[in-house]
Amino acid sequence: MATFLYRLGRGAFRRRGLVALIWVALLFAAGFGAASAGAPTSGSFSMPGTEAQKAFDVLDEKFPGMSADGASARIVVKAPQGAKITDAANKAQVEKIVSGLQQGPGKAQVATVADPFQVQAVSQDGSTAYVSVKYTVSGMELKDDTREALTGSGDAAKAAGLTVEIGGDALMTAPETGSGEVIGIAIAAIVLVVTFGSLVAAGLPLLTALIGVGIGVSTITALANVLDLGTTTSTLAMMIGLAVGIDYALFIVSRYRVELAEGRERDEAAGRAVGTAGSAVVFAGLTVVIALVGLAVANIPMLTKMGLAAAGTVVIAVLVALTLVPAILGFAGKKVLPAGTKSKLFGKGRPAGAGSRANAGTRWARFVLRRPVIVLLVGVIGLGAIAVPAGKLEMGLPDDGAQPVSTTQRRAYDLLSEGFGPGFNGPLLVVVDGDKKLADETEARIKGLDGVAVVVPPTPNQAGDAAVITVIPKDRPSSVQTEALVHEIREGSGDDVLVTGATAMNIDFSQKMDDALLPYLALVVGLAFLLLMVVFRSILVPLKAALGFLLSVVAALGAVVAVFQWGWLGSVFGVEQTGPIMSMMPIFMVGVVFGLAMDYEVFLVTRMREAYVHGERPGQAVVTGFQYSARVVVAAAVIMIAVFAGFIGASEQMVKMIGFGLAVAVFFDAFIVRMAVVPAVLALLGHKAWWLPRWLDRLLPNVDVEGESLRKHLEATGSADGRDAGGRDGDRELVNA
């Protein structure tokens, strides 16, 4: 593979004009497709194999149109203190809201508007009523005049002294990332400048990453409606694509500078950079892709599509690093060289190779080697303490009750809870696939359950062979009591009685995520072990890597629980409302962090193995690995953390939570596990770390991430220039400079 990548990188460098033209053409084609596509929808949600989904399927069959995907809204109106909503003046204001929605602007997208005084949507104390609105399209497809008619429907009532708030998914908008994303990219740029000491070298990874992400996100946008990808898919793909795109380009550019410092010609340097660092990029990208595609294990179409879309963006990032990066290096010339070799702006004018003092990576590695037990205990105990809150993890799907208190959706949610009871925001739909007798028996049994507040009489379909019973629980939708009620209704029913609704879907989704987590974890951890065993020709190194990955993921989940569920430091991260952790968060974090953790493991430990294979003692091999790789790995981790942290400012809770979780996970994995735990364990294991049974060594394929076959090929073909093919001296010059 290394030889093929060498030829690919060298060819891209020599034909840089054609390669750049192809990528620019792809960017414009994807952009045109995105601009021509319709507005993305919120995406349909289904969970094959669950009772809630089976109930929805029965509704589609027996009650055509009842479970349509059109948006809905509730306009909650509350009378002033001491007054009734049924008073003549107040009632007239509510009826104005109804008629305005039925006859005003945007009425073409309105399916039904329910008058609360006709459908008994008035609280028992007479203080509150709500108007139910059903639309023919999803919230993302509502036209501006329709949305404005909804948001302005209660203006006259507010002027008359009534309280009016609006809830429902009709107010859904595309998530906004705010300025945090821009700040994250700016921090990445600063890190690149400090790392490379060259504005051109720093700008190159940013440019290529943005091109790759532009193609990936534009393609997702263009296909969003056709593939039903949803509104958050492109945001998550952008988050991951930016992070890996910058990192992969960083590794290629860094190795290219090493080869130039060795005195090689520019095209040769580009070929060798792609042949060596590019091999690690391919392997690292493959692990991320496999982890993301593996999300299909959960059998949740929405999660599968998110994983596939993000994986596609990662594939583009790898291809950009292998082809576009060497092409742009051809245009940049020697401006990517360390600034110390050509100016006094960086490096204080010191030429490359001047001095032989140890760099920070060397000093840190030697410190760990002197105190491996202390470093290991501090790292493991520290992460273990942070992971403690993960034991109290509560999972759920966000609803309007998870919105900030400053939003009208949250205020409408609270008004409904006050006027109609805490369970009103999470009604259960009991679908009876049978005749009237079965429906009446089911109604009578449900009325006798403790957790039930109200049972609405069965509503039969036109054929009379099915009915729907609406059940209002006594407790809030996300409570343990409501979950117990759902299970109690199901346990006492046969196959012809099914429970669904948003609350039941939430319960089933969380259970499905719980059931899928262990198989998925076994898949990715097992895969990590096998792949790293192939790369490092060792058993203990992969085992250490897999255990370190688990430690960083659990610690990150603990941090997520502490901030988003318990509210610790919530104000610092913009968390206005605490609540259950999004159900897909654990499995999504496992998938993404697995791939990213393997990136750093590969780039750091391959240098150690290379040194060990060339005769260095285990301890010295650790020092050598840190000397040549620590700076680049640290820079890559800081960049990735900055990019992920930029999404903490997003308006949508799910994006905010994922951005925080991934940023914290990368921090733990890169700076504690890879930079502290890994060298400490390797120091304690010594030669045993690199042991592999001979019979297993013969069975395992030779991946050659280190590019050893490339060196032999170049030496055999006369391409070597008499210097160390590994670039060891050039590395030392750049590191010391």
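Rules of the game
Residues numbered from 1 in each chain as written. Predicted model: local features only at pLDDT ≥ 70, side-chain atom pairs only at ≥ 80, totals over all residues. Heavy atoms only, no water. Buried < 20%, exposed > 50% of the residue type's maximum accessible area, 1.4 Å probe, protein only. Helix = DSSP H or I, 4+ residues; strand = E, 2+ residues; numbered from the N terminus. Pairing = 2+ DSSP bridges. Axes fitted to C-alpha atoms, helices over the stretch in contact; angles between N-to-C directions. Parallel < 35°, antiparallel > 145°, perpendicular 65-115°, else oblique. Left-handed = near helix turned anticlockwise from the far one by under 90°. Contact = heavy atoms within 4.5 Å. Nonpolar A, V, L, I, M, F, W, Y, C, P; charged D, E, K, R; others polar. Phe/Tyr/Trp six-rings, centres within 6.5 Å; stacked < 30°, edge-to-face > 60°. Lys NZ or Arg CZ within 6 Å of the ring centre and 35° of its normal. Core = buried A, V, L, I, M, F, W, Y, C linked by side-chain atoms within 4.5 Å. Expected span 1.5 Å × (residues − 1). Bend = angle between axes of the 7 residues up to and from the residue. pLDDT = per-residue confidence, 0-100.

Student: Help me understand the pairing of strand β3 (residues 128-135), please; the structure alone is not making it clear to me.
Tutor: For a regular strand, the rule is simple: side chains alternate between the two faces of the sheet. A large share of β3 lies buried, amounting to 6 of its 8 residues. Inspection of the sheet shows strand β1 (residues 72-78) paired to β3 by 7 bridges, in the antiparallel sense. Counterpart to A73 in the pairing with β3 is V133. As judged from the 4 bridges shared by strand β2 (residues 110-114) and β3, these two strands associate in the antiparallel manner. Along β3, the bridge assignment pairs V110 with Y135.

Student: Can you help me understand the packing of helix α2 (residues 16-36) against helix α8 (residues 199-227) in this one?
Tutor: Pairs of packed helices are described in terms of their axes, by the angle between the two and the distance that separates them. Orientation of α2 relative to α8, taken along the N-to-C sense of each, is 30°, at an axis distance of 8 Å. The orientation of α2 with respect to α8, classified from their angle, is roughly parallel. Considering only the axes of α2 and α8, their crossing is left-handed. Note on element contacts: α8 touches α2 through I211, G214, I215, S218, T219, T221 and A222, opposite W23, L26, L27, A30, G31, G33 and A34. For the contact of α2 with α8, the residue count by class is 8 nonpolar, 6 polar and no charged.

Student: When you look at the packing of aromatic side chains in this model, what are you seeing that I'm missing?
Tutor: In this description, an aromatic ring pair is defined by two values, namely the gap between the centres and the angle between the planes. Evaluation of the coordinates by the stated rule reveals 10 aromatic pairs. When the ring of F573 is compared with that of F660, the centres are 4.8 Å apart and the planes differ by 70°; the resulting orientation is edge-to-face. Of this pair, F573 sits in the loop between α18 (540-565) and β11 (581-582) while F660 is found in helix α21 (residues 653-685), placing the two residues 87 residues apart along the sequence. Residue F573 is classed as partly exposed on the basis of its relative accessible area, which comes to 24%. Members of the aromatic cluster, each reached through a chain of ring pairs, are Y130, F420 and F424. Taking NZ or CZ as reference, R74 lies 5.1 Å from the ring centre of Y130, over its face. The lysine or arginine in question, K91, covers the ring of F117, its NZ or CZ lying 5.2 Å from the ring centre.

Student: It is not clear to me how the nonpolar core should be interpreted in this structure. Could you clarify?
Tutor: Buried together is how nonpolar side chains tend to be arranged in soluble globular proteins. Counting residues in hydrophobic clusters, the biggest one holds 156 residues, and the most contacted among them are Y248 and F549. Ignoring anything within four residues of it in the chain, the contact list for F549 reads V524, V525, V590, V593, F594, A597, M598, D669 and R674. Within the second largest apolar cluster, 24 residues are counted, among which are I85, V113, A129 and V133.

Student: Explain helix α19 (residues 585-613) here, please?
Tutor: An α-helix turns once per 3.6 residues; consequently, residues spaced three or four apart project the same way. Between its terminal C-alpha atoms α19 stretches 40 Å, which fits the 42 Å expected from 29 residues at 1.5 Å a residue. Residue V605 marks the point of greatest curvature in α19, where the axis turns by about 25°. Within α19, 27 of the 29 residues are buried, which leaves the element mostly enclosed by the surrounding structure. Of the residues trailing α19, G615 is marked for its positive phi of about 105°.

Student: Would you explain the confidence of the model for the chain in this entry?
Tutor: Predicted coordinates in regions of low pLDDT should not be interpreted in detail. Per-residue pLDDT for the chain averages 82, and the proportion of residues at 70 or more is 89%. Averaged pLDDT values over the elements of the chain bottom out at 39 in helix α24 (residues 728-736) and peak at 95 in helix α13 (residues 372-387). Counting interchain partners and residues more than four positions distant, the pLDDT-below-50 stretch residues 720-737 has 52 contacts.

Student: What is the right way to read the sheet that holds β3 from this model?
Tutor: Pairing between sheet strands relies on hydrogen bonds along the backbone, with the strands arranged either parallel or antiparallel. One open sheet holds the 4 strands; their spatial order is β2-β3-β1-β4, and the pairing between them is antiparallel. Looking at strand neighbours, the two that pair on one side only are β2 and β4 (163-167), the edges of this open sheet. Adjacent strand axes in the sheet meet at a mean angle of 15° when their direction is disregarded. Where β1 lies against β4, 5 bridges are found, and the strand directions are antiparallel. Within the sheet, the bridge partner assigned to R74 lies in β4 and is G167. Relative to the sheet, helix α14 (residues 408-420) contacts β1, β3 and β4, its axis offset from that of β4 by approximately 110°.

Student: Honestly, the packing of helix α1 (residues 2-14) against helix α11 (residues 301-332) in this entry has me stumped. Any pointers?
Tutor: Between α1 and α11, whose axes approach to 7 Å, the crossing angle comes to 45°. Comparing the axis directions of α1 and α11 gives the class oblique. Note that α1 runs across α11; the crossing there is right-handed. Where α1 approaches α11, its residues L5, L8, G9, A12 and F13 are matched on the opposing element by L322, T323, P326, A327, L329 and G330.

Student: Got a minute to help me understand the environment of G17 in this structure?
Tutor: In this structure, G17 sits in helix α2. Each C-alpha atom, one on G17 and one on F331, is 8.7 Å from the other, the two residues being 314 residues apart in sequence.

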